[in-house]
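Fold and geometry: a report
Take a look at the letters that make up each chain.
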Amino acid sequence: MRDLHEITLTVNGREHTLAVEPRRLLVDVLREDLGLPGTHIGCEHGVCGTCTVLLDGASIRSCSTLAVQVDGRSVRTVESLASGPDLHPLQEEFWDKQGLQCGYCTPGMLMRAVEILEQEPDPTPEQVREEIASNLCRCTGYQYIVEAVLAAAPRLRGGQQWDPTAGTAATVPTEAKA
Amino acid sequence: MKPPPFRYSAPTTVSDAVALLVEHADDDPRVLAGGQSLVPLMNFRLAQPGHLIDLRRVTGLDTLRLEDDVLVIGAMVRQSTAERSPDVALAAPLLAEALGHVAHPPIRHSGTVVGSIAHADPAAELPAVALAADAEMVATGPGGARRIPAAEFFLGPFTTALEPDEILTEVRFPPFPGGHAFVEFARTHGNFAIVGVAALVALAGGEVTRAAVAVSGMGPTPLRLTAAEEALVGRAPGAAAIEAAVDAGTAGLAPAGDLHAGAETRIDIARACLRRGIEGALARALDRR
Ligand SMILES: Cc1cc2nc3c(=O)[nH]c(=O)nc-3n(C[C@H](O)[C@H](O)[C@H](O)COP(=O)(O)OP(=O)(O)OC[C@H]3O[C@@H](n4cnc5c(N)ncnc54)[C@H](O)[C@@H]3O)c2cc1C
Ligand code: FES
Ligand code: FES
């Protein structure tokens, strides 16, 4: 029974039209169909957060979301953060403060951190700790992740020029659009 | 794991959605709201519906409104939308407080208030809130719409009074002029709680005039603790009334133990949550006067 549904997704500023089986998870469509393996899969039941992406700006679990559910909407993945070799301030601070060891949780942590700092550009350490509790990390003990998010906050507040969609949208030639 | 194949429809009206439930009745059809309970269950193949009927395109279900003093929450209102709504904060502060305990923000961005009530997990917060608040569920089936009081809605673990061809279109929360508190104990904040308590109390003339208390995690459904309510009404708000309510409320409870907590531990935790919940609701009721 292959029941294909046509959906349109805007991913990191680029629009795609795809035919997907309803049982396909958003995370698998991003990784396999769109060639964006930055979003990781861990527990596959909403618990760990490594699959976190932004849907119309709000963080969601892409492992617990069917691709057909997000037809017509806009998704941002970790691939949108860096612009070529230029890392996003959050990525630089994760590097600098050792906010990652194995790196498995990192794509989800970064996307959740983007949202946390958009909602509260000047958070307290307690707020970051509370908010990042949605995502699990088995390596760092969280302390360095919290420090990295706090260190990135003033840089993002400082109006450092950074276009969230520049990473992919600007570098994709229009004819490559699906 | 991944879900096995199933058919999928995204109708645009409630009547089309109901018609699909009827048409595919032999195919184990299921309504899909936020998917935050259903999709994980399907990933693990613990649920294998043959046909999913997604409510995301149904017009009118994503509204949250006040009808006189009654807060009406449509089936596709996300938990995070309700959590941030000034109408919810004003008209149903108990619900607003409980929402902060439901999973984590990324799950609340997708999960719906009504979906959590329809799912009827005995450990979940919102069914207990609906029960304490005397909420009404509005169900639409082939024969039209009917209202189901919360007291008649929760029948067992993950089992409700909804018929297989009915869709919950909205949940209605009547006003409660008084104080509220939602208190729970979870091993990790954001995970499912072991026990939760939803409490509402009203005061007048130096005594409790109305009390509504429900508990989650202590039985196959959320439970209304009428004995605790009776122990409060007519008494002056104070330690003696609270202790009497805690004793009365927990006297008849016989929770099943599981790997999270044994029966005795659950009763101990329920006593502590009940005490804090009633204290908190009384303190707010005193503030309000
Ligand atoms: C990691 C994790 C942690 C969680 N922690 C908590 C927690 O602490 N507390 C808690 O309460 N919940 C928790 N949840 C569950 C979450 O709150 C779900 O969002 C909620 O239980 C279901 O809402 P939904 O909109 O996602 O429903 P769905 O998953 O879409 O549906 C759930 C069930 O309800 C039925 N249904 C949904 N809407 C309707 C309707 N309108 N009419 C008829 N039937 C309907 C569906 O058919 C399905 O059987 C957690 C989930 C995850 C993944
Ligand atoms: S893989 Fe999605 S939450 Fe773990
Ligand atoms: S860095 Fe290994 S899980 Fe977080």
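Residues numbered from 1 in each chain as written. Chains lettered and ligands numbered in written order. Predicted model: local features only at pLDDT ≥ 70, side-chain atom pairs only at ≥ 80, totals over all residues. Heavy atoms only, no water.

Considering the sheet that holds strand 14 (residues 223-224) of chain B
Residues and elements named next belong to chain B. Strand order in this open sheet of 4 strands is 11-12-13-14, and the pairing throughout is antiparallel. The sheet is open, and its two edges are formed by strand 11 (179-185) and strand 14, each paired on a single side. Pairing of strand 13 (residues 207-216) with strand 14, which is carried by 2 bridges, proceeds in the antiparallel orientation. Directly across from valine 215, in strand 14, lies its bridge partner leucine 223. Contacting strand 11, strand 12 (195-204), strand 13 and strand 14, helix 8 (residues 125-132) runs over the sheet at an angle of about 150° to strand 13. Against the sheet, helix 12 (residues 263-288) engages strand 11, strand 12 and strand 13, with an angle of about 155° to strand 11. (Pairing = 2+ DSSP bridges. Helix = DSSP H or I, 4+ residues; strand = E, 2+ residues; numbered from the N terminus. Contact = heavy atoms within 4.5 Å. Axes fitted to C-alpha atoms, helices over the stretch in contact; angles between N-to-C directions.)

Observations regarding the UniProt feature "domain: FAD-binding PCMH-type" (unreviewed entry) in chain B
The UniProt feature table records "domain: FAD-binding PCMH-type" (unreviewed entry) at residues 1-178 of chain B. For residues 1-178 of chain B, helix accounts for 34% and strand for 25%, while the C-alpha atoms at its two ends are 47 Å apart. (UniProt positions renumbered as here; feature names shortened; annotations may be inferred.)

Looking at the domain arrangement of chain B
By convention, interface size is frequently given as the accessible area that disappears when the constituent parts associate. All names here are of chain B. Examined at the domain level, chain B breaks down into domain 1 (7-54), domain 2 (64-173) and domain 3 (179-288). Averaged C-alpha coordinates put domain 2 and domain 3 at centres separated by 20 Å. In this assembly, 24 residues from domain 2 lie in contact with 24 residues from domain 3. The junction of domain 2 with domain 3 conceals about 2000 Å² of combined surface from both sides, 62% of it contributed by carbon and sulfur atoms. The tally of links between domain 2 and domain 3 comes to 2 salt bridges. We note a salt bridge from arginine 284 to glutamate 97, for which the minimum N-O separation is 3.0 Å. Examining the composition of the side of domain 2 that touches domain 3, we find that 6 residues originate from one element, helix 8, more than from any other. (Domains from an automatic or database assignment. Buried area = accessible area lost by both parts, 1.4 Å probe. Salt bridge = Lys/Arg side-chain N within 4 Å of Asp/Glu carboxyl O.)

Let's talk about the pattern of salt bridges
Summed over the entire model, instances satisfying the criterion amount to 28 salt bridges over all chains. A salt bridge links Glu44(A) to Lys2(B); the nearest nitrogen and oxygen atoms lie 2.5 Å apart. Of this pair, Glu44(A) sits in the loop between helix 1 (26-33) and strand 3 (52-55) while Lys2(B) sits in the segment before strand 1 (7-9), which puts the two residues in different chains. In this structure Glu44(A) comes out as buried when scored by relative accessible area, which is 10%. With its nearest N and O atoms 3.1 Å apart, the salt bridge here joins Asp54(B) to Arg56(B). Accessibility expressed as a relative area gives 0% for Asp54(B), which makes it buried. (Buried < 20%, exposed > 50% of the residue type's maximum accessible area, 1.4 Å probe, protein only.)

A look at the side chain of Gln69(A)
Residue placement: Gln69(A) occurs in the loop between strand 4 (58-61) and strand 5 (74-76). Polar contacts involving the side chain of Gln69(A) include one to the main-chain carbonyl oxygen of Ala33(B), which spans 3.5 Å. If we ignore the near neighbours within four places in the chain, the residues touching Gln69(A) are Ser64(A), Tyr8(B), Leu32(B), Ala33(B), Gly34(B), Gly35(B), Val39(B), Asp54(B) and Arg56(B). (Polar contact = N/O pair within 3.5 Å; in protein donor to acceptor, adjacent residues only side chain to side chain.)

Re the sheet that holds strand 2 (residues 29-32) of chain B
Residue and element names in this part refer to chain B. With parallel pairing, 3 strands are arranged side by side in an open sheet as 1-3-2. Across the chains shown, the open sheet's two edge strands, defined by having one partner strand only, are strand 1 and strand 2. Sheet twist, expressed as the average angle between the axes of neighbouring strands with direction ignored, equals 25°. Taken together, the 3 bridges between strand 1 and strand 3 (residues 51-54) define a ladder with parallel strand orientation.

Quick look at the confidence of the model for chain A
As a note on interpretation, predicted positions should not be read in detail where pLDDT is low. On average, residues of chain A score 91 in pLDDT, and 88% of them are at 70 or above. A low-confidence stretch, residues 164-178 of chain A stays under pLDDT 50, and its non-local contacts, those more than four residues away or across chains, total 21 contacts. (pLDDT = per-residue confidence, 0-100.)

Re the domain arrangement of chain A
Residues and elements named next belong to chain A. The domain architecture assigned to chain A consists of domain 1 (5-80) and domain 2 (89-163). Put simply, the middle of domain 1 and the middle of domain 2, counted by C-alpha atoms, are 21 Å apart. Taken residue by residue, the interface counts 18 residues in domain 1 and 16 residues in domain 2. Carbon and sulfur atoms supply 53% of the area that domain 1 and domain 2 bury against each other, a total of about 1300 Å² over both sides. Per-residue buried area on domain 1 facing domain 2 is highest for His40, Arg76 and Val78; these three make up 32% of the total on that side. If you look at where domain 1 meets domain 2, you find 1 salt bridge.

Observations concerning the nonpolar core
Residues and elements named next belong to chain B. Judged by nonpolar contacts, the single largest core of 53 residues is most densely connected at Leu71, Ile73, Leu95, Ile117, Met137 and Phe173. The element contributing the most residues to this core is helix 8, with 5 residues. With near-sequence residues (within four places) excluded, isoleucine 73 lies in contact with Thr63, Leu64, Leu95, Val113, Val114, Thr169, Glu170, Val171 and Phe173. (Core = buried A, V, L, I, M, F, W, Y, C linked by side-chain atoms within 4.5 Å.)

Observations concerning the interface of chain A and chain B
Listed per partner, the contact involves 31 residues of chain A and 30 residues of chain B. Counting each side, the surface lost to burial between chain A and chain B is near 2400 Å², with a carbon and sulfur contribution of 55%. Here chain A and chain B share 3 salt bridges between them. With a closest N to O distance of 3.6 Å, Asp3(A) and Arg7(B) form a salt bridge. Between the two partners, chain A and chain B, sit 12 residue pairs in polar contact (both at pLDDT 80 or more). Of all the elements in the fold, those that place two or more residues in the side of chain A that touches chain B are strand 4, helix 3 (106-119) and helix 4 (125-132) of chain A. A total of 4 residues in the side of chain A that touches chain B trace back to one element, the largest contributor, which is strand 4 of chain A. Residue composition of the side of chain A that touches chain B, by class: 11 nonpolar, 9 polar and 11 charged. (Nonpolar A, V, L, I, M, F, W, Y, C, P; charged D, E, K, R; others polar.)

Observations regarding the packing of helix 4 of chain A against helix 5 (residues 143-157) of chain A
Residue and element names in this part refer to chain A. Between helix 4 and helix 5, the least distance of the axes is 10 Å, while the angle of their chain directions is 120°. On the basis of the axis angle, helix 4 is oblique to helix 5. Crossing handedness for the pair helix 4 and helix 5: right-handed. Where helix 4 abuts helix 5, its residues Pro125, Val128, Arg129 and Ile132 lie against Gln143, Ile145, Val146, Val149 and Leu150. Its residues placed into classes, the contact of helix 4 with helix 5 shows 7 nonpolar, 1 polar and 1 charged. (Parallel < 35°, antiparallel > 145°, perpendicular 65-115°, else oblique. Left-handed = near helix turned anticlockwise from the far one by under 90°.)

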